[in-house]
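Chain and residue survey
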Amino acid sequence: MSTITTHVLDTSLGKPAEGIRIELEYGGAIVGSAVTDADGRARDLVAKSATLDAGDYRLTFFVGEYFSKGSRNSFYTQIVVSFRIGEGDEHYHVPLLMSPWSYSTYRGG
């Protein structure tokens, strides 16, 4: 069974981004959600018993809420990362490096 994890770092502050709400979508339905912890990790994004089928997924990071809580302006209200899970049992780690004005993501290990 494939698994998905994520980690958010605020590169403008040089630290993990705590308190970002995240939703995972598949086939137009929300199949997981979490809020990043003090380490910027969403540890319970998908239930351990969940089965993730091959296909196209989307992670939505609600970063506007995060920046507003810190009284910081941001160009982005949400950052959406679309990606594909293949057949087989693999781990998909999708980190997000962000600031109020830019972001980058990649498939981690």
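Residues numbered from 1 in each chain as written. Predicted model: local features only at pLDDT ≥ 70, side-chain atom pairs only at ≥ 80, totals over all residues. Heavy atoms only, no water.

**Quick word on the sheet that holds strand β5 (residues 29–35)**
Pairing in this open sheet of four strands is antiparallel, and the strands run β5-β4-β6-β7 from one edge to the other. A single partner strand is all that each edge strand has here, and the edge strands are β5 and β7 (79–85). Each strand axis lies, on average, 20 degrees off the axis of its neighbour in the sheet, ignoring direction. Examined bridge by bridge, strand β4 (residues 21–26) and strand β6 (residues 55–62) share six bridges and lie antiparallel to one another. Residue pairing across strands places Y26 opposite Y57, the latter belonging to β6. (Pairing = 2+ DSSP bridges. Helix = DSSP H or I, 4+ residues; strand = E, 2+ residues; numbered from the N terminus. Axes fitted to C-alpha atoms, helices over the stretch in contact; angles between N-to-C directions.)

**Some thoughts on the confidence of the model for the protein chain**
When pLDDT is averaged across the protein chain, the result is 93; 99% of the residues are at 70 or more. Of all the helices and strands in the protein chain, strand β1 (residues 3–5) carries the lowest mean pLDDT, 89, while strand β3 (residues 15–16) carries the highest, 98. (pLDDT = per-residue confidence, 0-100.)

**Some thoughts on the pairing of β4**
Note that β4 and β5 share six bridges and pair antiparallel. By the bridge assignment for β5, E23 is matched with S33. Adjacent in sequence and paired antiparallel, β4 and β5 are bridged by two residues, among which G27 carries a positive phi angle near 60 degrees.

**Regarding the side chain of H93**
Residue position: H93 is located in strand β8 (residues 91–93). By relative accessible area, H93 is classed as buried at 11%. Of note is the side chain of H93, whose polar atom sits 2.6 Å from the side chain of T5. Not counting residues up to four positions away in its chain, the partners in contact with H93 are T5, T6, H7, R41, Y106, R107, G108 and G109. (Buried < 20%, exposed > 50% of the residue type's maximum accessible area, 1.4 Å probe, protein only. Polar contact = N/O pair within 3.5 Å; in protein donor to acceptor, adjacent residues only side chain to side chain. Contact = heavy atoms within 4.5 Å.)

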